[in-house]
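Structural features, examined
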Amino acid sequence: MKKLSKPNLYLVGFMGTGKSTVGRLVAQRMGLEFIDSDHAIEAAAEKSISEIFASEGEPVFRRMEKAFVEKGHPREGCLISCGGGLPVQPGIMEILKEQGLVFSLMASAAGIYERTRHTTDRPLLQVADPLAEIEKLLEVREPIYRKANCCILTEGRTVGEVVGHVCRSYKLESKLWTP
Ligand SMILES: Nc1ncnc2c1ncn2[C@@H]1O[C@H](COP(=O)(O)OP(=O)(O)O)[C@@H](O)[C@H]1O
Ligand SMILES: O=C(O)C1=C[C@@H](OP(=O)(O)O)[C@@H](O)[C@H](O)C1
Ligand SMILES: [Mg+2]
């Protein structure tokens, strides 16, 4: 089988673990094209994520994410920062792992709450008790995030440290990875 020199790298993990921030910097450093699934969906729909949730509902957004995975991005040379719920739909994690390397960024519920509490652009966290919502969702999602090729703890580490860790792991894992 043909070996890809730069397999896609999918960053997954809960909201606020740093996928978008870290992903952009890793892509620059590794010479990968940076794609954020949320930004790609917003551009295609010409609406923000919040508007899509409000006007069309979450199931429509999930279908947009599935379409993005199946035919909305190139098959090599990209770093894709995935929305937190993207790999949670049945079968999607398996597709991502067939298409490239999948790394999970991890953080505790309390850490996630601290990083997201001042923002309003994540509709799932616009609830009376966001910390309880984070804990509830994390319990369901964490086993899925753990199926990644590599899980990286982000808490107590600066963005720069996480970027360095992701780059080192990508260099190592991409040597071993075959499609
Ligand atoms: N390792 C880190 N330490 C402290 N803050 C971080 C870290 N990684 C990300 N952040 C901050 O957390 C917030 C959410 O990051 P973001 O990249 O949007 O996460 P995601 O895309 O996973 O939802 C941003 O304000 C970002 O600067
Ligand atoms: O976890 C989720 O279900 C979501 C995560 C968000 O992306 P980030 O993980 O980049 O915040 C965005 O896709 C949407 O608000 C839903
Ligand atoms: Mg993001």
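For the structure, check the block above.
Overview of the structure. All values reported here derive from a predicted model rather than from experimental measurement. (Residues numbered from 1 in each chain as written. Chains lettered and ligands numbered in written order. Predicted model: local features only at pLDDT ≥ 70, side-chain atom pairs only at ≥ 80, totals over all residues.)

As a further point, take the site of ligand 1. In the vicinity of ligand 1 lie 15 residues, with Gly18, Lys19, Ser20, Thr21 and Arg115 positioned nearest. Only α1 (19–30) and α8 (159–176) provide two or more residues apiece to the shell around ligand 1. Per element, the largest residue contribution to the shell around ligand 1 is three residues, and it comes from α1. Residues of the shell around ligand 1, tallied by class, amount to three nonpolar, nine polar and three charged. (Near = placed C-beta within 6 Å. Helix = DSSP H or I, 4+ residues; strand = E, 2+ residues; numbered from the N terminus. Nonpolar A, V, L, I, M, F, W, Y, C, P; charged D, E, K, R; others polar.)

Let's shift gears to the site of ligand 2. Inspection of the region around ligand 2 gives Met15, Lys19, Ser20, Asp38, Ile49, Gly83, Gly84, Gly85, Arg122, Pro123 and Leu124 as its neighbouring residues. Among the residues making up the shell around ligand 2, the classes are represented as four nonpolar, four polar and three charged.

Let us now look at unusual backbone geometry. The phi dihedral of Glu46 is positive, around 55°, even though this residue is not glycine. Mapping Glu46 onto the fold places it in the loop between α2 (37–45) and α3 (49–55). The exposure class of Glu46 is exposed, given the 7 C-beta atoms found within 10 Å. (Buried ≥ 20, exposed ≤ 12 C-beta atoms within 10 Å, placed from the backbone.)

To continue, consider α8. Two residues of an α-helix separated by three or four positions point the same way, owing to the 3.6 residues in each turn. The first and last C-alpha atoms of α8 sit 26 Å apart over 18 residues, in line with the 26 Å expected at 1.5 Å per residue. Where α8 is concerned, the buried positions are Val162, Val163, Val166 and Tyr170. Of the surrounding elements, those touching the buried residues of α8 are β1 (8–13), α1, β4 (100–106) and β5 (150–153). (Expected span 1.5 Å × (residues − 1). Contact = placed C-beta atoms within 7 Å.)

This part is about the environment of Phe14. Within the fold, Phe14 resides in the loop between β1 and α1. Judged by C-beta crowding, with 24 C-beta atoms within 10 Å, Phe14 ranks as buried. When neighbours within four sequence positions are excluded, Phe14 is seen to be in contact with Gly84, Ala107, Ile112, Leu138 and Arg141.

On to the sheet that holds strand β2 (residues 33–36), then. Judged by pairing direction, the sheet is parallel, and its five strands sit side by side in the order β2-β3-β1-β4-β5 without closing on themselves. At either margin of the open sheet sits one strand with a lone partner, and together these are β2 and β5. Mean inter-strand twist for the sheet, computed between neighbouring axes without regard to direction, equals 20°. Pairing of β2 with strand β3 (residues 78–81) involves four bridges; the strand directions are parallel. Paired with Ile35 across the strands is Ile80, a residue of β3. Against the sheet, α2 engages β2 and β3, with an angle of about 70° to β2. (Pairing = 2+ DSSP bridges. Axes fitted to C-alpha atoms, helices over the stretch in contact; angles between N-to-C directions.)

Note that every value here comes from positions in space, so none of it alone points to a role or purpose.
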